[in-house]
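Given next are the chains, with one letter for each unit.
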Amino acid sequence: MGGAEPVPDGLVLTRYQGAPGLTTLDGYRKVGGYRGLARALEMGPEAIVAEVKASGLRGRGGAAFPTGTKWGFLPQGVFPRYLAVNADESEPGCFKDRVLIEEYPHQLLEGVLIAAFALQASHAFIYIRGEYRKQRELLEAVVREAYRAKLVGKRILGSDFGCEVVVHGGAGAYICGEETALLDSLEGRRGQPRLKPPFPAVKGLYGQPTVVNNVETLSNLPYIVTEGGAAYAALGTEASPGTRLFCVSGHVERPGTFEVPMGRTTFRDLLELAGGVWRGRRFKAMQPGGGSMQVLGPQHLDVPLDFKAVADAGSSLGAGALVVMDETTCMVEVSRRLVDFYRHESCGKCVPCREGTYFESQLMHRLEEGLASAEELASLADICAGMDGRCFCPLGDTATWFVMSAYRMFKEEFDAHVGAGHCPVRASVGAAA
Amino acid sequence: MAESEVEASSPALASGTLERLRELRSRYPVARSAVLPALWVVQDELGYLPPWAEEVVAGELGLLPGDVAAVASFYSMYFSRQAGRHFVQVCQNVSCALRGADELLAGLREWLQVDEEGASPDGSFTVEGTVECLGACGGGPMMQVDRYSYEDLNLDSARAILERIREDGGGGAGA
Amino acid sequence: MGEAPAHSDLVRVTVDDREVEVAPGTLVWDACERAGVFVPVYCAHKKLEPVAVCRMCLVEVEGMPKLQPACATRVADGMKVRTLTEQVRKFRDSNLEFLLLNHPLDCPVCDRGGECDLQDFTQRFGPGRSRQSIQQKVHFDKAIPLSDKIFLDQERCILCWRCVRYYEEVTGEREIVLQQRGVHTVVDTFERQPLRSQFQGNLPEICPVGALTHAKYRFRARPWDLRRTASICSHCSYGCNLFIDARDDQIARYASSDNEDVEDSWLCDRGRYSFPEYNGRERVTAPEAVVTGGRQVVSHREAVARAAGQLLRIISDRGPEAVAVVGSDLMTNEEAFFLQWLARDVIGTPHLDHRLRPTPHLDPADFELGIAGIEECDLILVLGEEPERLAPVLTLRLHKAATKRGRRVERLQPPYTWTEKAQPQRVGVISSEVDRDAGVAIRDQLRGAGHTAQLLTIMERVNSRGCQDMGLLPGWLPGYVAAPQAGMGLPEILQSCATGKLKALLIVNPSPELEAAPEFEAALRGVEAAVVVTPHPGAASRGASVLIPGRTIVEKAGTVTNTEGRVQRVRAAVEPSLTFPTDLRTLGELAEALGANLGVSPMATPVYEKLAAAVPAYRGAQAGMRARWGSPG
């Protein structure tokens, strides 16, 4: 273990950190930008896919599916094909894609073009969440600049390959981060997940083969193409190759994003990078992965950022977040807040999610206010059992994960709310202060 | 609205907006894909999406008005009513809440004297009640005013930002 | 539809230890049904694409970690499905609790009570009580009139989307859409604009709960008050199968059946809501006859005797050709066949007809294309608006052919021509009877160009096709055999009555057009004898010398033939409030009184045997088959 300081040499996504003018084409070219694209066009699609497979890159949107394998699902000889870029970053606690767009937009575009060439996609659509309005406008400007420089459009860099890139703004719907909901939204529909199969690789956007990749995933491609898949993989461990941009927020001294090698870094390292727990308080709990994922406690601080190790601890690295909670935090309140979020963001398509998140939310409000009976609290597990694994898409399933894990880990705190008439945690923090 | 009123006022979009809709339509292999961008353009002009504008968008994209309304009502950032001149969102999700978002929101509401719909009496601001995580967890508590984010706020700094925006009319550079 | 696959193509599936063999690609839900295992479902519908949103049908599939939606999962060989495990039972209980969280407690005033899937499944699979307080329910709008036909109750809606998908997939009109999101989602029209579709009446039927209800059935009956009879819609020649739900002697509603060869389970509003015409309309209640000094009520036996006496006197004085016989295309095949026999063989007159508008020269080759066959055509040419105006449900078949089968549908405007050159393909041509000649010309031209072309001619009324097949026409015997002597058609008959050339009329079940025609009244005044069998008072009953009460089509049994030649049964759904013989029996008694030996009991089944002997195409077709006319000569 160790490696508390990210080694500049070991950086991929943020390797140009501090270079001036990176949001302009000139600035990006000065640090070597678009060499990866030129290299990719020489390599040809098969060689790129091979490098990506060799890199061990796994999707950074949360599901961690191997990117090269995902690309391999496209049926042979079926055109047109599309690339959809998932910039709908909406997972509570996640803001890494925003950073990659704001600070390295050309790196993302280069990655998009490399992927589009590898997939022989005619169009790439960057679906960016509605709340990222300023970032959308930045991306639009970057794409316009790239069109003028013949990096996008017909005959890219003089090759036979052409690809149109469209920046497409969402309008406030967490569910559009789910890849099939994103495609429906991109088709001008209500962003609701689709029935699978068929999978997007076979029938995606407009019924054509489509790959949906996350911003961070694609931002790695210029490095992988220029430095090689093996070099990328070596930055992490065999089971968790490469680096990852983690978002640390909540009760820490210096919240922010940190690019660290996978597998060789622990939660404690991340916490230290963010300056530790704020105000000298004690650590109570953390939520890795984003709003969907299960809570972990102090006993998990030395778990490495490795897919399997975190899964064994009972949670997931998800979309690369880490929300830190200090000793004053009421776990019932945090649970209620997340449950409310899912109730608000449920698309309404399936019964267990639409009604279950509402049921959960009603119950958690009563519990937080100390109004719920023991019988009501006991029904929480039933409600969650009726949702988890029963919903149309993961949104409804995950709406139960944090609250159920918190209930298990902090059962006494939940029980103390029953019939209390107020929040006992807040009351005791108030008394202590 | 009575039919005669509709005919009398005959609301319409600016011709530039219509041109923009047609340009958006041409970007996509299938015209329907332009619905979300088209609604953004219309909302930027009108401040909200009245039914007549949904009908205009439907007509431009070869859809039925119901198709457009079904889409518009799904996304929380499209407004069916006229909002204030500036739209204020205070993220209340966990990361921001851990750092005082509830107190910030309550303080701003009280200071702006907003009503149940979240509108301030002078029409300058509408404060949105429920906000999705705004993706600025590293700078919580934060607020977004129109298209710009302001991070690491406390009630004083947030009030100062809103005062400046009210006076300037513009959104400033953001954080 | 289609041939059952050969045995070796089938896959074996086990549902709760019952093994069934089904075609590959079958949905688990269908396999369960085949195995006789009931799986509750709200969102799935046989005519709509699966969406798997209600989750009610989740079942265990061996080897899969999560419960799977039976409505959207395809079978695989050797698959083991379990629908009764603890896991499934608990989930059904949970899901029903979820569905009831925000459902109002207004079953006692809901039209759907007693036939509601939410009630039924809750009884069978659901929780006994709710754990959420009633104060926490989300409220929506109730009793919204979406049109003069349909009410919407958003609170009762369980968001199965069937109505939205029906409008998207079946009619393409998209009048009802989803709005808002999450627990606030509702179905609604744009800005509450009224529905304009001519197929709205299907909405309450596909709705699994009481969210969409019929205005005409509002607070009318409970399902256990109703007697259900399978029959045929009498409103056009398309022959839609339906159920007639009657309460006492009143029809409460028409409900869809599912004959995928004909209506495919969809009715048009014109047909579905036509039933009030049979409720409470004024009836001819007793036989009457002109006796010296005026018309008076007589017994049925005397009425028949007097009718025969009047006809026999004229036949003997003026010859049989002084008598004309008029039916209508509201009659059954058995009645039409019997009536033409009575005219030709008993009375001995060639003057018989059944409609005012002249019948174009139609032959069985004009109806080769079947309704279901429309979907199999690569190209479908529809001549003008008349076919779909006559038979609205045709529009849905054309939409299905275009959207689900990818067929090309072209609606031509007059003058009808088709000049496009293409590789030989299968082409369907659909015309109304008025444009029949143009339809024949285009079909023949396409055949000449190497295409496989078939024509379907849409006729007007419920049994227009059958009356023609049965030879209730001047000049044509049953089965399109030319009559030895061409008689007068209806317009000429009426004229000849007025001028005194014809002396007697036998009128059975006159059509509304005939009743409304001024020349009909003149004709009735001009004849010496007018024997009328009719259910309703009108010009015919007023001008009758002998009047015998008749039955409406919902009060009798027999067969009718739809426009594609499909022979389907109508059944007595209501009894006339007064007892009198069937029209067929009345005609049988009249024939006997005229001296004929019937040789058959005047009831639908034996008469059908007789007509099938005369028209071999009808042999064995009475159970809903298309008459087999053989290849066109």
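Residues numbered from 1 in each chain as written. Chains lettered and ligands numbered in written order. Predicted model: local features only at pLDDT ≥ 70, side-chain atom pairs only at ≥ 80, totals over all residues. Heavy atoms only, no water.

(A) Looking closely at the environment of Thr-180 of chain A. Examined against the element boundaries, Thr-180 of chain A turns out to sit in helix 8 (residues 179–186). Setting aside anything within four residues of it in sequence, one finds Thr-180 of chain A in contact with Gln-192, Pro-193, Arg-194, Lys-196 and Pro-200 of chain A. (Helix = DSSP H or I, 4+ residues; strand = E, 2+ residues; numbered from the N terminus. Contact = heavy atoms within 4.5 Å.)

(B) Geometry of the sheet that holds strand 20 (residues 426–432) of chain C. All names here are of chain C. Spatially, 19-18-20-21 is the arrangement adopted by the 4 strands of the open sheet, whose pairing is parallel. Looking at which strands have only one partner, the edges of the open sheet turn out to be strand 19 (408–412) and strand 21 (452–458). Taking the axes of each pair of neighbouring strands and ignoring which way they run, one obtains an average angle of 20° across the sheet. Along the sheet, helix 10 (residues 393–403) makes contact with strand 18 (379–383), strand 19, strand 20 and strand 21, crossing strand 19 at roughly 135°. Seen against the sheet, helix 11 (residues 436–448) touches strand 18, strand 19, strand 20 and strand 21 and runs at an angle of roughly 170° to strand 21. (Pairing = 2+ DSSP bridges. Axes fitted to C-alpha atoms, helices over the stretch in contact; angles between N-to-C directions.)

(C) Geometry of the packing of aromatic side chains. The full count for this structure, using the stated rule, is 28 aromatic pairs over all chains. With a centroid separation of 5.8 Å and 80° between ring planes, the pair formed by Tyr-174 of chain A and Tyr-342 of chain A is classed as edge-to-face. Placement of Tyr-174 of chain A in the loop between strand 3 (164–169) and helix 8 and of Tyr-342 of chain A in helix 14 (residues 331–345) is noted, with a sequence separation of 168 residues between them. Residue classification places Tyr-174 of chain A among the buried positions, given a relative accessible area of 9%. Note on Tyr-42 of chain C and Phe-121 of chain C: the rings are 5.0 Å apart at their centroids and 45° apart in plane angle, and the pair reads as tilted. (Phe/Tyr/Trp six-rings, centres within 6.5 Å; stacked < 30°, edge-to-face > 60°. Buried < 20%, exposed > 50% of the residue type's maximum accessible area, 1.4 Å probe, protein only.)

(D) Local environment of the nonpolar core. The biggest cluster of nonpolar side chains holds 191 residues, and the ones touching the most others in it are Leu-380 and Phe-414 of chain A, Tyr-75 of chain B together with Tyr-42 and Ile-176 of chain C. When residues of this core are assigned to their parent elements, the largest contribution, 8 residues, is made by helix 3 (residues 35–46) of chain B. Those residues in contact with Tyr-42 of chain C, other than ones at most four positions away along the chain, are Cys-54, Met-56, Leu-96, Leu-99, Asp-117, Leu-118, Phe-121, Ile-158, Cys-160, Arg-162 and Pro-208 of chain C. (Core = buried A, V, L, I, M, F, W, Y, C linked by side-chain atoms within 4.5 Å.)

(E) Looking closely at the interface of chain A and chain B. Taken together, the contact between chain A and chain B spans 58 residues of the former and 42 residues of the latter. Taken together, chain A and chain B are joined by 25 residue pairs in polar contact (both at pLDDT 80 or more). Counting residues per element, the ones that place at least two in the side of chain A that touches chain B are strand 2 (123–128), helix 7 (133–148), strand 3, helix 8, strand 5 (243–250), strand 8 (321–326) and helix 14 of chain A. Looking at which element gives the most residues to the side of chain A that touches chain B, the answer is helix 14 of chain A, with 7 residues. Tallied by class, the residues present in the side of chain A that touches chain B amount to 26 nonpolar, 18 polar and 14 charged. (Polar contact = N/O pair within 3.5 Å; in protein donor to acceptor, adjacent residues only side chain to side chain. Nonpolar A, V, L, I, M, F, W, Y, C, P; charged D, E, K, R; others polar.)

(F) Examining the pairing of strand 7 (residues 283–288) of chain A more closely. All names here are of chain A. Burial within strand 7 is extensive, with 6 of its 6 residues counted as buried. Across 5 bridges, strand 7 lies against strand 8 in antiparallel orientation. Each bridged residue has a counterpart across the sheet, and for Met-286 the counterpart in strand 8 is Val-324.

(G) Region of the structure containing the pattern of salt bridges. All names here are of chain C. In this structure the tally under the stated criterion is 99 salt bridges over all chains. Glu-375 is the salt-bridge partner of Arg-405, the closest N and O atoms lying 3.2 Å from each other. One end of the pair, Arg-405, is in the loop between helix 10 and strand 19; the other, Glu-375, is in the loop between strand 17 (352–353) and strand 18, with 30 residues separating them in the sequence. Looking at Glu-375, the relative accessible area reads 2%, which means it is buried. The partner of Glu-386 in a salt bridge is Arg-389, with the nearest N and O atoms 2.7 Å apart. Residue Glu-386 and its partner Arg-389 are both found in helix 9 (residues 386–390); the two are separated by 3 residues, about one turn of the helix. (Salt bridge = Lys/Arg side-chain N within 4 Å of Asp/Glu carboxyl O.)

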